[in-house]
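Here is how the chains run, residue by residue.
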Amino acid sequence: MTTPSERRKILIIGSGPAGYTAAIYTARANLAPMLIQGLQPGGQLTITTDVENYPGFPEGIMGPEMMEFFRRQAERFGTEILHGVVTGVDLSRSPFAVEIDEERTVHCEALIISTGASAKHLGLPSEQRLLGSGVSMCATCDGFFFRDREIFVVGGGDTALEEASFLTRFGSAVHLVHRRDALRGSKVMQDRVLTHEKIKIHWDSVVEEILGDDTVTGIRLRHVKTDEIVEHPCAAVFVAIGHKPNTELFEGQLEMNETGYIITRPGSTYTSREGVFACGDAQDWTYRQAVTAAGTGCMAAIDAERWLEAQEK
């Protein structure tokens with residue numbers, strides 16, 4: 001770790017709903033938290049347009065605006081918010097050492113990890129250009145906007161099957177694009193999708209292009225065995241090829257599952273290292289919603305506060 005160095009009682013890494021909620025609670029507990037925003041201040045909600053399923057906003061709210069409210073509330077109670085990226089973490093001894101932008105080291109007695117997860121992308125320029133304008137990574141968040149429209153879902157695992165099944169509530173038809181000739185999801189989900197009258201599966205197919213200028217108007221598919229190209233009109237493309245937790249910094253230092261999500265004790269945010277707590281999508285591979293992330297951020301703050309109090313006693 002590099003110098004200069006300083007010390008804080010509690011440090012929060014990540015600035016999505018989980019991180020900001022943890023900051024609000026720890027600041028109100030007079031713990032004077034420092035929060036490091038990371039590469040994407042505000043988390044995944046900053047690339048989400050209308051948020052209509054977060055309690056307290058009956059008319060809905062834009063994702064970036066909501067995260068601005070979170071940030072201002074955290075600052076109101078005294079959170080020190082640092083625009084920077086964590087480039088190194090040493091959890092081998094206490095206080096923990098956190099390196100920021102390879103030029104500043106902060107030591108902390110307690111650490112809250114809320115680094116979130118990133119949806120895996122197809123890697124197409126058109127996917128990035130139309131993100132939030134018909135391209136989505138979250139059916140629960142955006143499915144409602146495509147009522148009675150043709151919808152495409154890309155993927156073949158449980159996430160994709162769940163998204164496709166959920167989207168049948170809204171779309172006039174749901175098309176599932178899978179690059180193989182057999183689905184990878186659980187048997188229950190496969191049966192649900194394969195027998196649903198609204199779902200059509202495009203086997204052995206990959207997305208060549210998402211069509212549209214300002215909003216999605218269609219999709220271009222390529223059959224991997226014949227190279228046949230087919231275009232289909234649609235209003236939305238949901239990419240559901242999985243999520244990757246942003247936890248690389250903690251590999252070898254914390255217990256994780258096979259896909260990199262941090263393991264926490266049941267009913268808590270305690271990790272395998274005393275004094276380190278994890279919340280939000282960095283440890284939640286089941287729900288991945290803003291409201292559940294905020295809930296675990298609250299849990300992490302309370303867990304950390306009680307842990308620090310116990311150390312002092």
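Quick note: structure is the one above.
Description of the structure in this document. The structure presented is a predicted model; accordingly, all values stated were derived computationally and were not measured. (Residues numbered from 1 in each chain as written. Predicted model: local features only at pLDDT ≥ 70, side-chain atom pairs only at ≥ 80, totals over all residues. Heavy atoms only, no water.)

Moving on, we get to the state of the cysteines. The full count for this structure, using the stated rule, is one disulfide. A sulfur-sulfur distance of 2.3 Å marks the disulfide that ties Cys138 to Cys141. Taking the sign of the S-S torsion, 70° for the link of Cys138 and Cys141, the bridge is right-handed. The buried category is assigned to Cys138, whose relative accessible area is 17%. Lacking any disulfide linkage, Cys279 is separated from the closest cysteine sulfur, that of Cys298, by 10 Å. Residue Cys298 is classed as buried on the basis of its relative accessible area of 16%. (Disulfide = S-S within 2.5 Å. Buried < 20%, exposed > 50% of the residue type's maximum accessible area, 1.4 Å probe, protein only.)

The next point concerns the sheet that holds strand 13 (residues 199–202). Taking strand neighbours across the sheet as the criterion, the five strands line up as 10-17-11-12-13 in an open arrangement whose pairing is parallel. Each edge of the sheet is formed by a strand with only one pairing partner; in this case those strands are strand 10 (135–136) and strand 13. Summarising the sheet, strand 10 and strand 17 (residues 236–239) pair through two bridges and their orientation is parallel. Across the sheet, residue Val135 finds its bridge partner in strand 17, namely Val237. Across the sheet, helix 5 (residues 158–167) touches strand 11 (150–154), strand 12 (173–177), strand 13 and strand 17, and the angle it forms with strand 11 is around 170°. (Pairing = 2+ DSSP bridges. Helix = DSSP H or I, 4+ residues; strand = E, 2+ residues; numbered from the N terminus. Contact = heavy atoms within 4.5 Å. Axes fitted to C-alpha atoms, helices over the stretch in contact; angles between N-to-C directions.)

What the rule picks out here adds up to 18 salt bridges. For Arg222, the salt bridge is made with Asp227, and the minimal N-O distance between the two is 3.0 Å. Looking at Asp227, the relative accessible area reads 49%, which means it is partly exposed. A salt bridge links Glu309 to Lys313; the nearest nitrogen and oxygen atoms lie 3.6 Å apart. With a relative accessible area of 39%, Glu309 lands in the partly exposed category. Through salt bridges with shared partners, a single ionic network connects Glu6, Arg8, Glu80 and Arg104. (Salt bridge = Lys/Arg side-chain N within 4 Å of Asp/Glu carboxyl O.)

Turning next to a positive patch on the surface. A cluster of basic residues, Lys120, Arg179, Arg180 and Arg184, forms a positive patch at the surface. Mapped onto the elements, Arg184 comes out in the loop between strand 12 and helix 6 (187–194). (Patch = residues over 30% accessible without salt bridge, like charges linked within 9 Å, V, L, I, M, F, W, Y side chains within 5 Å. Areas by Shrake-Rupley, 256 points an atom, 1.4 Å probe, with all protein chains shown as cover. Lys, Arg positive; Asp, Glu negative; His and termini not counted. Charge placed at Lys NZ, Arg CZ, Asp CG, Glu CD.)

This part is about helix 1 (residues 17–28). When the terminal C-alpha atoms of helix 1 are compared, their 17 Å separation across twelve residues agrees well with the 16 Å that a helix rising 1.5 Å per residue should span. Burial analysis of helix 1 places ten of its twelve residues in the buried class, which makes it a mostly covered element. Within helix 1, the full set of buried residues consists of Pro17, Ala18, Gly19, Tyr20, Thr21, Ala22, Ala23, Ile24, Thr26 and Ala27. The first or second residue beyond helix 1 is Asn30, which carries a positive phi of 60°. (Expected span 1.5 Å × (residues − 1).)

Turning to the pairing of strand 16 (residues 229–233), a few remarks are in order. Across five bridges, the pairing between strand 15 (residues 218–223) and strand 16 is antiparallel. Directly across from Arg220, in strand 16, lies its bridge partner Glu231. Where strand 15 folds back on strand 16, the antiparallel hairpin that results is connected by five residues, among which Asp227 adopts a positive phi of roughly 65°.

Enumeration according to the criterion identifies nine aromatic pairs in this entry. Geometrically, the ring pair formed by Phe144 and Phe145 is edge-to-face, given 6.1 Å between the ring centres and 75° between the ring planes. Note on Phe144 and Phe170: the rings are 6.3 Å apart at their centroids and 80° apart in plane angle, and the pair reads as edge-to-face. With Phe144 in the loop between helix 4 (139–142) and strand 11 and Phe170 in the loop between helix 5 and strand 12, the pair connects residues that are 26 residues apart, well separated along the chain. Of note, Arg28 hangs over the ring of Phe77, and the distance from its end group to the ring centre comes to 5.1 Å. (Phe/Tyr/Trp six-rings, centres within 6.5 Å; stacked < 30°, edge-to-face > 60°. Lys NZ or Arg CZ within 6 Å of the ring centre and 35° of its normal.)

What follows is about the packing of helix 1 against helix 7 (residues 290–312). Following both chains from N to C, one finds helix 1 and helix 7 inclined at 35°, their axes separated by 7 Å at the closest point. Note that helix 1 runs across helix 7; the crossing there is right-handed. Of the residues in helix 7, those touching helix 1 at Pro17, Ala18, Thr21, Ala22, Tyr25 and Thr26 are Ala290, Ala293, Ala294, Gly297, Cys298 and Ala301. A class-by-class count of the residues in the contact of helix 1 with helix 7 yields nine nonpolar, three polar and no charged. (Left-handed = near helix turned anticlockwise from the far one by under 90°. Nonpolar A, V, L, I, M, F, W, Y, C, P; charged D, E, K, R; others polar.)

Attention now moves to the side chain of Asp284. Take Asp284: it is sitting in the loop between strand 19 (276–278) and helix 7. We note that Asp284 is buried and unpaired, the nearest opposite charge coming from Arg288 at a distance of 6.7 Å. A distance of 2.9 Å separates a polar atom in the side chain of Asp284 from the backbone nitrogen of Arg288. When sequence neighbours within four positions are dropped, the list of residues in contact with Asp284 reads Tyr261 and Thr292. (Polar contact = N/O pair within 3.5 Å; in protein donor to acceptor, adjacent residues only side chain to side chain.)

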